[in-house]
Amino acid sequence: VMGVANEKSIAWGIAAAVAAQGAEIAFSYQMEGFGKRLKPLADSFGSTLLIECDVAADGAVESLFNQLAKDWPQIDFVVHALAYSDKAELKGAYLDTSRDNFINTMMVSAYSFTEVARAARPMMPAGGALLTLSYIGAQRITPNYNVMGLAKASLEANTRFLAASLGKDNIRVNAISAGPIKTLAASGVKNFRKMLSQHSKRAPLGRTVTADEVGNVAAFLCSDYASGVTGEITYVDAGFNISAMPLDELEE
Ligand code: NAD
């Protein structure tokens, strides 16, 4: 599981859900500070495999899986729950996106999934599952999400192309498009709190979702129950994506 920053992380909700189904988990973390925070969390699952991996560093993903292979020659699934963009550009107009931040956002948030898939493949000789996390900003504009929307669009296409590349190896590749959840990464998007309230007004369930709810669907997609599902973007968003208007304001 890649991307646990703290107990609010979506990756943490996913870890809890897969552990409840009996998975043994290895974690990767971006850098030392995150590793320190992760340690007690991982301890609570009896996980001792914690490996540093900053996906922005050349060769880091390959080295992560080489290290993992020393302890676990085979794995069943990988969860890629990480993204990055310069906070200074997660506000204002998309038009002002800089070249450097565009490239970096795409590399960390989209291309890293390709590298993960390539490195994980030899460790899944009988098949497996890869899962990543998207957001509706991949499909529709949402204020301030800006270049991250383009990165998620790329990540969703990445999910489909990887599914095609890896289908013959019985490796399934899927994404969950999660509704907004207050995490460290989310707080980098300007007015995120207002996004949460807008979401609840439009979503059929009238609320946001939790990382645990995302985790439960992730556990399904990573399991053999989803053996016929690949290349799919599954919404876990309380139904927000099917709604075009706030639901209560126009009712009699
Ligand atoms: P989070 O801050 O808890 O997790 C983001 C993680 O990305 C952190 O662990 C961070 O260390 C990691 N990361 C960033 N740059 C990295 C790098 N260079 N190398 C390695 N790791 C790096 O936030 P989250 O909301 O749990 O984010 C997880 C995923 O879910 C992201 O892809 C995010 O875009 C996606 N997502 C979040 C929401 C939301 O509202 N929170 C909604 C839909 C999708």
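Residues numbered from 1 in each chain as written. Predicted model: local features only at pLDDT ≥ 70, side-chain atom pairs only at ≥ 80, totals over all residues. Heavy atoms only, no water.

Enquirer: Teacher, can you tell me more about helix α5 (residues 147-166) here?
Expert: One full turn of an α-helix is made of 3.6 residues, so residues set three or four places apart face in the same direction. For α5, which comprises 20 residues, the first-to-last C-alpha distance of 28 Å matches the rise-based estimate of 28 Å (1.5 Å per residue) to within 8%. Within α5, the full set of buried residues consists of Val 147, Met 148, Gly 149, Ala 151, Lys 152, Leu 155, Glu 156, Asn 158, Thr 159, Leu 162, Ala 163 and Leu 166. At its buried positions, α5 is contacted by β3 (77-80), α4 (99-120), β4 (128-134), β5 (171-178) and β6 (233-236). (Helix = DSSP H or I, 4+ residues; strand = E, 2+ residues; numbered from the N terminus. Expected span 1.5 Å × (residues − 1). Buried < 20%, exposed > 50% of the residue type's maximum accessible area, 1.4 Å probe, protein only. Contact = heavy atoms within 4.5 Å.)

Enquirer: Please explain the site of the ligand as it appears in this structure.
Expert: The environment of the ligand is made up of 29 residues, and the closest members are Ser 9, Gln 30, Asp 54, Ile 181 and Thr 183. At 3.4 Å from an oxygen atom of the ligand is found a main-chain nitrogen or oxygen belonging to Ala 5. Relative to its free-state accessible area of 820 Å², the ligand is covered by the protein chains to the extent of 94%. Taken together, the residues of the shell around the ligand break down into 21 nonpolar, six polar and two charged. (Near = heavy atom within 4 Å. Polar contact = N/O pair within 3.5 Å; in protein donor to acceptor, adjacent residues only side chain to side chain. Areas by Shrake-Rupley, 256 points an atom, 1.4 Å probe, with all protein chains shown as cover. Nonpolar A, V, L, I, M, F, W, Y, C, P; charged D, E, K, R; others polar.)

Enquirer: Please clarify how the side chain of Glu 115 should be interpreted in this entry.
Expert: Its location among the elements puts Glu 115 in helix α4. Comment: no salt bridge for buried Glu 115; closest opposite-charge side chain is Arg 118, at 4.6 Å. Sequence-distant contacts of Glu 115, that is, excluding residues within four places in its chain, are made with Val 55 and Val 61. (Lys, Arg positive; Asp, Glu negative; His and termini not counted. Salt bridge = Lys/Arg side-chain N within 4 Å of Asp/Glu carboxyl O.)

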